[in-house]
Amino acid sequence: MAKTLIPKGYKSCLGLYETQTAIGKIKTRFEENLSRMLHLKRVTAPLFVDPKTGLNDDLNGVERPVSFDVKETGETAQVVHSLAKWKRMALYRYDFRVGNGLYTDMNAIRRDEEMDNLHSIYVDQWDWEKVIDRSQRNLDYLKETVGLIVDAICKTLDEMKRDYPQLPVFLSRDVSFITTQELEDMYPNLSPKRREDAYVKEHPTAFIMQIGDKLHSGKPHDGRAPDYDDWQLNGDILFWNETLGQAFEVSSMGIRVDSQSLAEQLQKAGCEERRSLPFHKMLLDGKLPLTIGGGIGQSRLCMLLLGKAHIGEVQVSLWSDEIITECKKAGIELL
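Here the structure is a predicted model, which is why all the values come from computation and not from measurement.

*Asks:* Could you give an account of the overall build of the protein, naming the residues involved and the relevant values?
*Replies:* Within the protein one finds nine helices and eleven strands. The C-alpha radius of gyration computed for the protein amounts to 20 Å, which stays within 12% of the reference 20 Å derived for 335 residues, consistent with globular compactness. The dimensions of the protein, computed from C-alpha atoms along their principal axes, are 55 × 50 × 40 Å. For the protein, the exposed surface amounts to about 15,600 Å²; the carbon and sulfur share of it is 50%. Taking the average place of the 44 positive charges on the side chains of the protein and the average place of its 51 negative ones, the gap between the two points comes to 2 Å.

*Asks:* Just give me the short version of the pairing of strand 8 (residues 205-209), but keep the residues and values in it.
*Replies:* By the criterion of burial, strand 8 is predominantly enclosed, with five of the five residues buried. Taken together, the four bridges between strand 7 (residues 176-179) and strand 8 define a ladder with parallel strand orientation. For Ile178, the partnering residue across the bridge sits in strand 8 and is Ile208. Here strand 8 runs beside strand 9 (residues 229-241); their pairing, made up of five bridges, is antiparallel. Its bridge partner being in strand 9, Ile208 is matched across the sheet by Asp236.

*Asks:* Provide a residue-level description of the sheet that holds strand 4 (residues 76-79), including the pertinent values.
*Replies:* A sheet is described by the order of its strands in space; here three strands give the open sequence 2-4-3, paired in antiparallel fashion. Lying at the two open borders of the sheet, with one neighbouring strand each, are strand 2 (48-49) and strand 3 (67-69). Here three bridges tie strand 3 to strand 4, and the two strands are oriented antiparallel to one another. Bridged to Phe68 within strand 4 is Ala77.

*Asks:* Describe helix 5 (residues 192-202), and please don't skip the residues or the numbers.
*Replies:* Burial in helix 5 covers these residues: Arg195, Glu196, Asp197, Tyr199 and Val200. Tucked inside the fold, the buried residues of helix 5 contact strand 7, helix 4 (180-186), strand 8, strand 9 and strand 10 (246-256).

Criteria and thresholds
Residues numbered from 1 in each chain as written. Predicted model: local features only at pLDDT ≥ 70, side-chain atom pairs only at ≥ 80, totals over all residues. Heavy atoms only, no water. Helix = DSSP H or I, 4+ residues; strand = E, 2+ residues; numbered from the N terminus. Rg over C-alpha atoms; globule rule 2.2 N^0.38 Å. Areas by Shrake-Rupley, 256 points an atom, 1.4 Å probe, with all protein chains shown as cover. Lys, Arg positive; Asp, Glu negative; His and termini not counted. Charge placed at Lys NZ, Arg CZ, Asp CG, Glu CD. Buried < 20%, exposed > 50% of the residue type's maximum accessible area, 1.4 Å probe, protein only. Pairing = 2+ DSSP bridges. Contact = heavy atoms within 4.5 Å.

Honestly, it's all geometry; don't read function into it.
Have a look at this one:
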């Protein structure tokens, strides 16, 4: 069971009423900034999908989706883990062209998620996806897109600090790019999480690249499903969180698999049976557009920009009695 971190002397600079108002402002402003910079159109997205389509995100392959039977159809539905694959299918169905994309509110239940300062069984994020052409499936375009997202986040913080000058948060637009193998080489005796903490403390805005494949140690930096990100062209955006004194992930993203990288990654992951699923078959047949996309945590971003110590201060979820007691004793007000 994860342990709750209580920062010494922590006190939120915003009360409950101000916090709720500020959350609304962040969500409105960031959506506007992100959609303008990446040329995205807002669309409606599902809360649940048919598991037979292969559209649900398998995350690390061990998480159990929340399932329920549908009385009218007699079928089983799954609450989404994310919309990583659904978005790509939507771009195909809605006939989006190169250079344009979509974003949506994604709400999910991850029943096996550990509960700590950053993790909840309730997940809310902006899921986005954009059509690209073959010439953009490269590291330069990935880095360019990361820079635009970081700029949208920093611009939103600038706007929030005009309304709430007491916010104690400072973010850098200067992104440091590093691969997971370079991190392992730098810090061979540290765990992946500790490597991120060590690096991001010195480089307060970072993009950790190439997540999913095995490193020289024989282990991956972190798990990543084999059927959406290209493991050579993906990564996580992290900021240094001064409140918690640690690296803080706000987004997982990447250029998506094409038919070749999908086939290779399914084989590496031992998931070749997925080739027969409708989504995977269309991708292998080259029928789906080439895309880049990701998810940006809504509660994570609100937590970061408002200098909060616990994700329960910006979202309503369920918590263990131990977490509730610890937070109450420390003056951390869970919603």
